[in-house]
Amino acid sequence: MLLRMRSEDLFSKAIELIPGGVNSPVRAFRGVGGTPRFIKSARGATITDVDGRTYIDYVGSWGPMILGHADEEVVAALQEAAAGGTSFGAPTELEVNLAQEVVDAVPSIEMVRMVSSGTEATLSAIRLARGVTGRTKLVKFEGCYHGHGDSLLVKAGSGVATLGLPDSPGVPAALAQNTITVPFNNAAALEGVFAEHNDIAAVIIEPVVGNMGCVPPQAGYLESVRKLTKANGTLLIFDEVMTGFRLARGGAQELYGISPDITTLGKIIGGGLPVGAYGGSREIMNNIAPAGPIYQAGTLSGNPLSMTAGLVTLRRLRDKSVYEQLNNASRRLCEGLSAGASEVGIKTEINRVGSMWTSFFTDEPVTNWETANRSSREQYGKFFHAMLEEGVYLAPSQFEAAFVSLAHTDDIVYQTVNAARSAFEKIKRADRY
Ligand SMILES: *Cc1c(COP(=O)(O)O)cnc(C)c1O
């Protein structure tokens, strides 16, 4: 390349001004090498960078953009809402409408509190669980990511896993000690923890993991987790920040028929604007201030812009056929990728639930962090860059889920499968030398 890309110039400047040049770690491409593309705009299934290159996008802002980018109805509703004021610090009808939408959709939620990020939702859910049970300890699963709260940055997935970081400095040992981690998809390990501890406030889980790459629960596993928590007076928190409204309208809990005590949401329910939420039964939720004594507040919580984008998005997802469409497009895509890889003799394991999937460069089933972690980061990095050259933007890490949106048409899926075929051939050729 003769000319320096504008993305490279911007990145050089960004690293002088912003730690690592980014406002969230995985964006920096450290998991795959190279310079991150600076994005100028997006529309439907594609994003366009500052150098004018357009890519088919499977990141979807890490999950929220289920309708596709710059959806016309969302944009129009946002323009109208913005003209009426962007935040009042007082209740609005929009908040009631979005709460109703969530309560109608998610089986275990009778009441819901809006916050401004998934991190804030999980932090608040844990405080609630500790406040309600009067217990302190928390169980999480290796490779699951629940935002960057102190108690949750222990053996975490997503960027922590991508960067291969040990648990973060700055988390007080006294806090980390209250978090017990166990492997995912291993009911016996969880049973062992309950045999040793009788003071566990909550078990928090991604019911389908997205943050070590996509890892589904094995048959009967979520049932066991539900049974064990109930038997021990421990609250079960489903972190559905990624899976909520993604796998089904009612999230993973609808898909698998399991009822958690508390659910956290985010991503899709904000339609691309900052949002998070946590909800559960009336009995549990009425412990939150000002209904009850457990404190949690937020200046911009439930702001009219996030509520508007969320409402338009969730209303469009009322029609069950959208999940069929997402599932069919994703199945065709993943079958095409698998076929492309095996034709050239590259070993991949593709995990998929609905429109969430990951292609792991490994030759064994990926069922937990240990098996995910044996995938080849190097092969993934080569695949990522080959795909980028072919005009397809995947997550810049082996340990993230990819997302299909309603804007990913048959034609776009077909283009992606063809691009992948070329990409696999390219990395196979490179491997020979
Ligand atoms: C993205 C995510 C979070 C964190 O949400 P933010 O809005 O990034 O704070 C928490 N839990 C899960 C399962 C997520 O996927």
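Residues numbered from 1 in each chain as written. Predicted model: local features only at pLDDT ≥ 70, side-chain atom pairs only at ≥ 80, totals over all residues. Heavy atoms only, no water.

Asker: Could you give me a rundown of the side chain of Glu 206, with the residues and numbers involved?
Answerer: On the secondary structure map, Glu 206 appears in the loop between β7 (200-205) and α8 (221-231). Salt bridges are absent for the buried Glu 206, whose nearest opposite-charge side chain, Lys 267, sits at 7.2 Å. In terms of polar contacts, Glu 206 uses its side chain to reach the side chain of Asn 211, at 3.0 Å. Leaving out residues up to four positions away in the same chain, Glu 206 has contacts with Gly 143, Cys 144, Tyr 145, His 146, Phe 184, Asn 211 and Asp 239. (Helix = DSSP H or I, 4+ residues; strand = E, 2+ residues; numbered from the N terminus. Buried < 20%, exposed > 50% of the residue type's maximum accessible area, 1.4 Å probe, protein only. Lys, Arg positive; Asp, Glu negative; His and termini not counted. Salt bridge = Lys/Arg side-chain N within 4 Å of Asp/Glu carboxyl O. Polar contact = N/O pair within 3.5 Å; in protein donor to acceptor, adjacent residues only side chain to side chain. Contact = heavy atoms within 4.5 Å.)

Asker: Help me get a handle on the sheet that holds strand β3 (residues 54-57), residues and values and all.
Answerer: Reading across the sheet, the four strands line up as β1-β2-β3-β13 and stay open at both edges, with mixed pairing between neighbours. The open sheet has two edge strands, β1 (39-43) and β13 (392-393), and neither has a second partner. Where strand β2 (residues 46-49) lies against β3, three bridges are found, and the strand directions are antiparallel. Bridge pairing in β3 links Thr 48 to Thr 54. (Pairing = 2+ DSSP bridges.)

Asker: I'd like a rundown of the site of the ligand, residues and numbers included.
Answerer: Around the ligand lies a shell formed by Ser 117, Gly 118, Thr 119, Tyr 145, His 146, Gly 147, Glu 206, Asn 211, Asp 239, Val 241, Met 242 and Lys 267. In this structure, Tyr 145 approaches the ligand through a main-chain N or O atom, which is 3.4 Å from a nitrogen atom. Between Asn 211 and the ligand, the recorded distance is 3.1 Å, taken from a side-chain N or O atom to an oxygen atom. The fraction of the free accessible surface of the ligand (380 Å²) that becomes covered by protein chains is 83%. A per-class count over the shell around the ligand returns three nonpolar, six polar and three charged. (Near = heavy atom within 4 Å. Areas by Shrake-Rupley, 256 points an atom, 1.4 Å probe, with all protein chains shown as cover. Nonpolar A, V, L, I, M, F, W, Y, C, P; charged D, E, K, R; others polar.)

Asker: Report on the domain arrangement of the protein, specifying residues and quantitative values.
Answerer: What the domain assignment reports for the protein is domain 1 (6-62 + 319-432) and domain 2 (72-316). Between the C-alpha centres of domain 1 and domain 2 the distance comes to 25 Å. Facing 31 residues of domain 1, the contacting portion of domain 2 comprises 32 residues. For the pair domain 1 and domain 2, the summed buried area comes to about 2400 Å², and 62% of that belongs to carbon and sulfur atoms. Considering only the surface of domain 1 that becomes buried against domain 2, Tyr 323, Val 353 and Met 356 emerge as the three largest contributors, covering 26% of it. Summed over the shared surface of domain 1 and domain 2, the number is two salt bridges. Here Glu 72 ties to Arg 43 by a salt bridge, and the two come within 3.8 Å at their closest N and O atoms. Counting every contact that joins domain 1 to domain 2 gives nine residue pairs in polar contact (both at pLDDT 80 or more). Sorting the residues of the side of domain 1 that touches domain 2 by element identifies α12 (321-344), β11 (349-353), β12 (356-360) and α13 (369-373) as the ones contributing at least two each. Per-element tally for the side of domain 1 that touches domain 2: the top contributor is β12, with four residues. Of the residues contributing to the side of domain 1 that touches domain 2, the split by class is 16 nonpolar, eight polar and seven charged. (Domains from an automatic or database assignment. Buried area = accessible area lost by both parts, 1.4 Å probe.)

Asker: Report on the pairing of β11, specifying residues and quantitative values.
Answerer: Note: β11 against β12, five bridges, orientation antiparallel. Paired with Val 353 across the bridge in β12 is Met 356.

Asker: Explain α8 to me, using residue names and the numbers behind them.
Answerer: Within α8, the full set of buried residues consists of Tyr 221, Leu 222, Val 225, Arg 226, Leu 228 and Thr 229. On its buried face, α8 is in contact with β5 (137-141), α7 (187-196), β7, β8 (235-239) and α9 (251-256). Positive backbone phi, approximately 65 degrees, marks Gly 233, located one or two places after α8.

Asker: Kindly report on the nonpolar core, identifying the contributing residues and their values.
Answerer: Among the nonpolar cores identified, the biggest contains 38 residues, and Tyr 58, Leu 333, Trp 357, Phe 383, Met 387, Leu 394 and Phe 424 are the most heavily contacted of them. Elements represented by at least two residues in this core include exactly β3, α12, α14 (377-389), β13 and α15 (410-432). Counting 31 residues, the second largest nonpolar core, distinct from the first, contains Leu 265, Val 312, Val 322 and Tyr 323. (Core = buried A, V, L, I, M, F, W, Y, C linked by side-chain atoms within 4.5 Å.)

Asker: So, the sheet that holds β8: which residues are in play, and what are the values?
Answerer: Reading across the sheet, the seven strands line up as β4-β10-β9-β8-β7-β5-β6 and stay open at both edges, with mixed pairing between neighbours. Bordering the open sheet on either side are β4 (111-115) and β6 (179-182), each of which pairs with just one other strand. Neighbour to neighbour, the strand axes of the sheet diverge by 20 degrees on average, direction disregarded. Contacts from α8 reach β5, β7 and β8 within the one sheet, and its direction differs from that of β7 by about 165 degrees. (Axes fitted to C-alpha atoms, helices over the stretch in contact; angles between N-to-C directions.)

Asker: Describe the packing of α7 against α8, with residues and values.
Answerer: Viewed as axis vectors pointing N to C, α7 and α8 meet at an angle of 10 degrees, and their least axial separation amounts to 10 Å. Taken together, the axes of α7 and α8 are roughly parallel relative to one another. Facing α7, whose interface residues are Ala 187, Leu 190, Glu 191 and Phe 194, α8 presents Tyr 221, Ser 224, Val 225, Leu 228 and Thr 229. The residue makeup of the contact of α7 with α8, split by class, is six nonpolar, two polar and one charged. (Parallel < 35°, antiparallel > 145°, perpendicular 65-115°, else oblique.)

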